[in-house]
Amino acid sequence: MNSLNSEAFALFGQHILWSDMVGNLFGLAALALGWRRSIWTWPVQFLAGLILFGAFFGHLTGSAGKQAIVMLVALYGWWQWQRGKDQGADGHISVRFATWRERAAMAAAAAVGTVAVALLFEAYPTLSWDPWPDAYIFVGTVVAMYAQARGMVEFWFAWLLVDLVGVPLNFANGYAFSGFVYVIYGALVLWGMRDWWLRSRDGARPVLEGAPA
């Protein structure tokens, strides 16, 4: 994994690491597959987490630990989509808006989780050099992946909120390629949000008796 931590090239004065570039390209592919509701989004997300775990391990312990949890959530998403893929008429998982109770639960989990993780990072400074934004992105990512695993349209809103902080934080950390990828994430999130939004409305639309399917 040491070779992956070597410099690939320099861009606008930023040093791009192989691990940063490859891991985030897989992450970008995972988001695109999620937009298409392909179950392969989860293995690709797991692989992205594994590569980024190798990138951070040894010098950014907190970031490495975050990627380990992301990999666990990816396994949960794979299991959840395997169970629910027959719910959609096209063989893919069906999507829906979360209930108000689910939204409140996710918002509360995000708020409490961010505070808890940030305090942990502050207690152990070696885990993160910027505890609060780092905790916000980590917890937000986990919440977004959970919503994706449940087929909730709110998945895209959560990713958008993560993206707003992820871009400047990655540039500040020296992970320039991650910052550029987060910009592309933003465009994919908007397209994916529109697609899932429309699909959720189609899925909720009643079929009149005698009407063609």
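Look up: the structure comes first, before these words.
Asks: Is there a simple way to think about the overall build of the protein chain in this case?
Replies: Counting its secondary structure elements, the protein chain contains 7 helices and 2 strands. Seen in sequence order, the protein chain has helices and strands lined up from the N terminus as β-β-α-α-α-α-α-α-α. Of all 213 residues assigned to the protein chain, the portion counted as buried reaches 45%. Excluding contacts between residues fewer than 6 apart, the proportion of contacts in the protein chain whose partners are at least 24 apart in sequence is 64%. If you sum the accessible surface of the protein chain, you get close to 11,300 Å²; carbon and sulfur atoms cover 69% of it.

Asks: What is the right way to look at the nonpolar core in this model?
Replies: One broad rule of soluble globular proteins: the nonpolar side chains tend to lie buried together. Residues L31, F155 and W159 are the most contacted members of the largest nonpolar core, which totals 41 residues. When residues of this core are traced back to their parent elements, those giving at least two are α1 (18-35), α3 (61-84), α4 (100-123), α5 (131-149), α6 (154-173) and α7 (176-204). For this core, the element with the highest residue contribution is α5, accounting for 9 residues. Setting aside residues no more than four positions away along its own chain, L31 makes contact with F155, W156, W159, Y185, L188 and V189.

Asks: Got a minute to help me understand unusual backbone geometry in this structure?
Replies: A negative phi angle is the norm for most residues apart from glycine, just as the trans form is the norm for most peptide bonds. Positive phi outside glycine occurs at R37, with the angle close to 60 degrees. Position of R37 among the secondary structure elements: in the loop between α1 and α2 (41-56). On the basis of relative accessible area, R37 is assigned to the buried category, the value being 6%.

Asks: When you look at the environment of Q67 in this model, what are you seeing that I'm missing?
Replies: Tracing the backbone shows Q67 in helix α3. On the basis of relative accessible area, Q67 is assigned to the buried category, the value being 14%. Taking the C-alpha atoms as reference points, Q67 and F138, separated by 71 residues in sequence, lie 8.9 Å from one another. Dropping the residues within four chain positions of it, Q67 is found in contact with G49, L52, F53 and F56.

Asks: Even after reading the chapter, I still don't get the packing of α2 against α5, so can you show me in this structure?
Replies: A pair of packed helices is captured by two measures, namely the crossing angle of their axes and the spacing between those axes. Taken N-terminus to C-terminus, the directions of α2 and α5 make an angle of 160 degrees; their axes are 12 Å apart at the nearest point. When the axis of α2 is compared with that of α5, the two are roughly antiparallel. The chirality of how α2 crosses α5 is left-handed. Counting all contacts with α2, which are made through T41, W42 and Q45, the residues of α5 involved are M145, Q148 and A149. Split into classes, the residues belonging to the contact of α2 with α5 amount to 3 nonpolar, 3 polar and no charged.

Rules used in this analysis
- Residues numbered from 1 in each chain as written.
- Predicted model: local features only at pLDDT ≥ 70, side-chain atom pairs only at ≥ 80, totals over all residues.
- Heavy atoms only, no water.
- Helix = DSSP H or I, 4+ residues; strand = E, 2+ residues; numbered from the N terminus.
- Buried < 20%, exposed > 50% of the residue type's maximum accessible area, 1.4 Å probe, protein only.
- Contact = heavy atoms within 4.5 Å.
- Areas by Shrake-Rupley, 256 points an atom, 1.4 Å probe, with all protein chains shown as cover.
- Core = buried A, V, L, I, M, F, W, Y, C linked by side-chain atoms within 4.5 Å.
- Axes fitted to C-alpha atoms, helices over the stretch in contact; angles between N-to-C directions.
- Parallel < 35°, antiparallel > 145°, perpendicular 65-115°, else oblique.
- Left-handed = near helix turned anticlockwise from the far one by under 90°.
- Nonpolar A, V, L, I, M, F, W, Y, C, P; charged D, E, K, R; others polar.

Remember that the coordinates give geometry; whether it matters functionally is a separate question.
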